[in-house]
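Residues per chain, in single letters:
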2 protein chains.
Amino acid sequence: MLSKNNIKLIKSLEHKKFRIQHQLFVVEGLKSVHEFLKSDFQVEKIFTLTNNFTNNFEDKIEIINEDELKKISFLKAPNQVLAIFKIPSIKKIDSNNLVVALDTINDPGNLGTIIRLCDWFGLEQIICSKDTVDCYNPKVVQSTMGSLTRVQLFYTDLKEFISSYDGHVYGTFMEGNNIYESELSKKGVIVMGNEANGISPEIEKLITQKIAIPAFGKQHDTESLNVATATAIILSEFKRR
Amino acid sequence: MLSKNNIKLIKSLEHKKFRIQHQLFVVEGLKSVHEFLKSDFQVEKIFTLTNNFTNNFEDKIEIINEDELKKISFLKAPNQVLAIFKIPSIKKIDSNNLVVALDTINDPGNLGTIIRLCDWFGLEQIICSKDTVDCYNPKVVQSTMGSLTRVQLFYTDLKEFISSYDGHVYGTFMEGNNIYESELSKKGVIVMGNEANGISPEIEKLITQKIAIPAFGKQHDTESLNVATATAIILSEFKRR
């Protein structure tokens with residue numbers, strides 16, 4: 001039987017305040033939970049309909065029924081298991097590789113997609129402005145499909161980080177150089193801007209290489225690509241060469 | 001005053017059945033409505049908080065208040081105007097260019113993003129399997145940000161269309177050729193598959209060029225890119241050359 005305290009705890013983890021207070025976050029679905037279990041993340045508790053996990057986690061498992069899972073799940077269609085993991089301690093930023101820096105990304109789905117893309121293209125670190133959506137937000141965790149176990153996110157003062165960064169700082173702007181014809185280095189920071197406002201003026205000043213994805217269509221006076229699809233195209237260009 | 005009949009009509013247009021019956025669909029938000037008004041689409045009615053439209057549409061406009069807009073809007077945050085447009089008659093498929101073909105795309109957001117991408121990269125037509133989500137679904141219209149005015153969608157028997165197509169048919173598969181090293185033609189069909197199941201077996205048989213976006217990360221036994229980001233990378237590769 002699911003205790004009232006556990007229900008209360010899980011519900012509270014939808015909110016950043018309580019995730020920070022408890023240093024815990026929620027992962028749902030068989031595939032994602034398996035990915036987190038085989039990673040360095042430490043599991044606190046597994047609530048599952050059937051026990052199809054290895055013996056290693058026996059003391060963490062609580063068998064629940066479908067009604068109980070519905071009660072605690074953040075998903076419209078709960079998927080067999082919900083687990084609580086510990087938020088890991090923060091590691092050090094390694095500036096010797098290509099990193100993506102996010103300037104106020106608000107949408108959980110966009111952040112999740114960008115984490116998946118970094119994982120796909122072998123970028124292990126993402127630097128986020130402090131007001132970027134939290135990566136342990138249930139919607140972000142869900143949409144990363146386990147990629148969050150292989151990509152580290154750092155929430156920091158983006159202006160300070162870039163100011164002290166020694167290398168190329170890329171950002172996309174309408175008037176930037178055609179990315180297909182630009183030199184792209186193997187090390188550097190790629191800044192992606194807010195969904196509505198793009199890169200903020202104070203960060204724009206720190207961009208050393210303005211790039212642009214050229215449009216091939218007809219009318220693009222006001223139109224731009226979504227930040228997640230722009231990230232896909234940019235990472236593909238950086239890595240294919 | 002908003003009539004009960006208008007409220008009922010608008011609400012009904014959330015469903016494909018009634019969109020087909022009335023041959024109408026809904027567009028919301030100032031920017032999107034303006035894009036549709038300046039396109040070939042024919043407007044039926046404009047419900048707006050303030051009349052900031054040109055005289056051309058005077059007889060179509062009904063001024064409503066915020067409560068009324070909330071009542072008819074499909075958005076969490078209604079944006080000043082909701083308009084009803086006529087579904088245009090279907091034009092002819094022009095197979096002399098690059099076209100994207102969608103094999104059972106279910107998610108409105110994904111379809112919207114793919115329409116925006118086609119617009120960006122200058123692809124004017126998308127061929128959809130009959131079970132792909134309807135492009136006049138309010139969520140799709142919303143997420144296309146006006147791109148739907150420049151990209152035509154055809155819902156048809158995909159197997160039949162591809163079978164009779166004379167040219168290269170591309171599809172992404174794990175075992176496909178590295179897209180960065182493949183020859184990509186200027187004319188052809190690029191098939192994108194379902195979110196969960198990829199390209200269906202009957203369509204796979206018709207693919208003449210299997211391509212793959214190589215992963216640069218570590219662990220990708222089961223992982224794949226989201227269909228919209230994969231489309232972004234593929235279209236970028238086709239068009240940059």
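Keep in mind that what you see is a predicted model, and the values were worked out from it rather than measured.

K.L.:
An account of the overall build of chain A is requested, with residue identities and associated values reported.
P.N.:
Counting its regular elements, chain A contains 9 helices and 10 strands. Overall, chain A is about 60 × 40 × 30 Å in size when its C-alpha atoms are taken along their principal axes. When burial is assessed residue by residue, chain A has 53% of its 241 residues classed as buried. The centroid of the 29 positive side-chain charges in chain A is displaced by 3 Å from the centroid of its 30 negative side-chain charges.

K.L.:
How would you explain the confidence of the model for chain A if you had to name every residue and give the values?
P.N.:
The pLDDT averaged across chain A works out to 93; a share of 98% of its residues lies at or above 70. Per the prediction output, this complex has pTM 0.92; the corresponding ipTM is 0.90.

K.L.:
How would you summarise the sheet that holds strand S1 (residues 24-28) of chain B if you had to cite specific residues and measurements?
P.N.:
Residues and elements named next belong to chain B. On the basis of which strands lie adjacent, the open sheet formed by 4 strands has the order S1-S4-S2-S3 and mixed pairing. Only two strands of the sheet have a single partner each, and these edge strands are S1 and strand S3 (61-63). Across the sheet, the axes of successive neighbouring strands diverge by a mean angle of 20 degrees, strand direction being ignored. Alignment of strand S2 (residues 43-48) against S3, held across 3 bridges, turns out to be parallel. Opposite Thr 48, over in S3, you have Ile 63 as the bridge partner. Strand contacts of helix H1 (residues 4-12): S1, S2, S3 and strand S4 (81-86), with the helix running at about 75 degrees to S4, the strand carrying the most contacts.

K.L.:
Run through the interface of chain A and chain B, naming residues and quoting values.
P.N.:
At the interface, 36 residues of chain A touch 36 residues of chain B. For the pair chain A and chain B, the two sides together bury roughly 3,300 Å², of which 58% comes from carbon and sulfur. At the boundary of chain A with chain B, the tally comes to 2 salt bridges. Measuring nitrogen to oxygen at the nearest pair gives 3.6 Å for the salt bridge that ties Arg240(A) to Glu237(B). Here chain A is connected to chain B by 6 residue pairs in polar contact (both at pLDDT 80 or more). Mapped by element, the contributors of at least two residues to the side of chain A that touches chain B are helix H3 (30-37), helix H5 (108-120) and helix H9 (227-240) of chain A.

K.L.:
I'd like a description of the relation of the copies chain A and chain B, backed by residues and values.
P.N.:
Its rotation angle being 180 degrees, the transformation that places chain A on chain B also includes 0.0 Å of axial translation and leaves an RMSD of 0.0 Å. Both copies of the chain, as the preceding transformation shows, are related through a two-fold rotation axis.

K.L.:
Lay out the pairing of strand S9 (residues 188-193) of chain A with the relevant residues and their values.
P.N.:
All names here are of chain A. Of all 6 residues in S9, 6 are buried; the element is thus mostly enclosed. Sheet analysis places strand S8 (residues 169-178) next to S9, joined by 3 bridges and oriented parallel. Within the sheet, the bridge partner assigned to Tyr 170 lies in S9 and is Ile 190.

K.L.:
An account of the state of the cysteines is requested, with residue identities and associated values reported.
P.N.:
Residues and elements named next belong to chain A. Under the definition given, this model contains 0 disulfides over all chains. Its sulfur unpaired, Cys 128 is 6.9 Å from the next cysteine sulfur, which belongs to Cys 135. Residue classification places Cys 128 among the buried residues on the basis of a relative accessible area of 0%.

K.L.:
Could you give an account of H9(A), naming the residues involved and the relevant values?
P.N.:
Taking 1.5 Å as the rise per residue, H9(A) with 14 residues should run 20 Å; its terminal C-alpha atoms sit 20 Å apart, in good agreement. Buried residues dominate H9(A), accounting for 12 of its 14 residues. Three or more residues of H9(A) are buried, namely Val227(A), Ala228(A), Thr229(A), Ala230(A), Thr231(A), Ala232(A), Ile233(A), Ile234(A), Leu235(A), Ser236(A), Glu237(A) and Phe238(A). Where the residues of H9(A) are buried, they touch strand S5 (98-103), H5, S8 and S9 of chain A together with helix H5 (108-120) and helix H9 (227-240) of chain B. N-capping of H9(A) is provided by Asn226(A), with a side-chain oxygen placed 2.6 Å from the backbone N of Ala228(A).

K.L.:
Explain empty space enclosed by the protein to me, using residue names and the numbers behind them.
P.N.:
All names here are of chain B. Under the defined criterion, the tally for this structure stands at 1 cavity of 30 Å³ or more. The volume enclosed by the largest cavity comes to roughly 30 Å³. When residues of the lining of the largest cavity are traced back to their parent elements, those giving at least two are S1 and helix H6 (138-144). Grouping the constituent residues of the lining of the largest cavity by class yields 5 nonpolar, 1 polar and 1 charged. Looking at the lining of the largest cavity, you find at least three residues from each of domain 1 (4-86) and domain 2 (98-240).

K.L.:
Explain the domain arrangement of chain A residue by residue, including any values.
P.N.:
Residues and elements named next belong to chain A. Each domain of chain A was delimited in the assignment, giving domain 1 (4-86) and domain 2 (98-240). One C-alpha centre belongs to domain 1, the other to domain 2, and the line joining them spans 30 Å. Counting residues at the interface gives 16 residues for domain 1, matched by 12 residues for domain 2. Overall, the association of domain 1 and domain 2 removes approximately 1,200 Å² of surface from exposure, summing both partners, and the carbon and sulfur fraction of that is 60%. Contact with domain 2 buries surface across domain 1, with Arg 19, Glu 35 and Phe 36 losing the most and accounting together for 33% of the total. Our enumeration of links across domain 1 and domain 2 arrives at 2 salt bridges. Between Glu 35 and Arg 150 there is a salt bridge, with its nearest N and O atoms 3.0 Å apart. Connecting domain 1 to domain 2 are 3 residue pairs in polar contact (both at pLDDT 80 or more). At the level of elements, helix H2 (16-22), strand S1 (24-28) and H3 are the ones that each hand at least two residues to the side of domain 1 that touches domain 2.

K.L.:
Pulling in residues and values, what's your account of the packing of H5(A) against H9(A)?
P.N.:
Residue and element names in this part refer to chain A. In contact at an axis separation of 9 Å, H5 and H9 are set at 10 degrees when each is read in the N-to-C sense. Between H5 and H9, the interaxial angle falls into the category roughly parallel. Like other packed secondary-structure pairs, H5 and H9 cross with a definite hand, here right-handed. Residues Asn 110, Thr 113, Ile 114, Leu 117 and Cys 118 of H5 form the contact with H9, whose participating residues are Val 227, Ala 228, Thr 231, Ala 232 and Leu 235. Split by residue class, the contact of H5 with H9 holds 7 nonpolar, 3 polar and no charged.

The rules we used
- Residues numbered from 1 in each chain as written.
- Chains lettered and ligands numbered in written order.
- Predicted model: local features only at pLDDT ≥ 70, side-chain atom pairs only at ≥ 80, totals over all residues.
- Heavy atoms only, no water.
- Helix = DSSP H or I, 4+ residues; strand = E, 2+ residues; numbered from the N terminus.
- Buried < 20%, exposed > 50% of the residue type's maximum accessible area, 1.4 Å probe, protein only.
- Lys, Arg positive; Asp, Glu negative; His and termini not counted.
- Charge placed at Lys NZ, Arg CZ, Asp CG, Glu CD.
- pLDDT = per-residue confidence, 0-100.
- Pairing = 2+ DSSP bridges.
- Axes fitted to C-alpha atoms, helices over the stretch in contact; angles between N-to-C directions.
- Contact = heavy atoms within 4.5 Å.
- Buried area = accessible area lost by both parts, 1.4 Å probe.
- Salt bridge = Lys/Arg side-chain N within 4 Å of Asp/Glu carboxyl O.
- Polar contact = N/O pair within 3.5 Å; in protein donor to acceptor, adjacent residues only side chain to side chain.
- Least-squares fit on C-alpha atoms with pLDDT ≥ 70 in both.
- Disulfide = S-S within 2.5 Å.
- Expected span 1.5 Å × (residues − 1).
- 1 Å grid on protein atoms, 1.4 Å probe; cavity = no way out; pocket = protein on both sides within 12 Å on 5 of 7 lines; lining within 4 Å.
- Points joined across faces, edges and corners; volume = space filled by probe spheres on them.
- Nonpolar A, V, L, I, M, F, W, Y, C, P; charged D, E, K, R; others polar.
- Domains from an automatic or database assignment.
- Parallel < 35°, antiparallel > 145°, perpendicular 65-115°, else oblique.
- Left-handed = near helix turned anticlockwise from the far one by under 90°.

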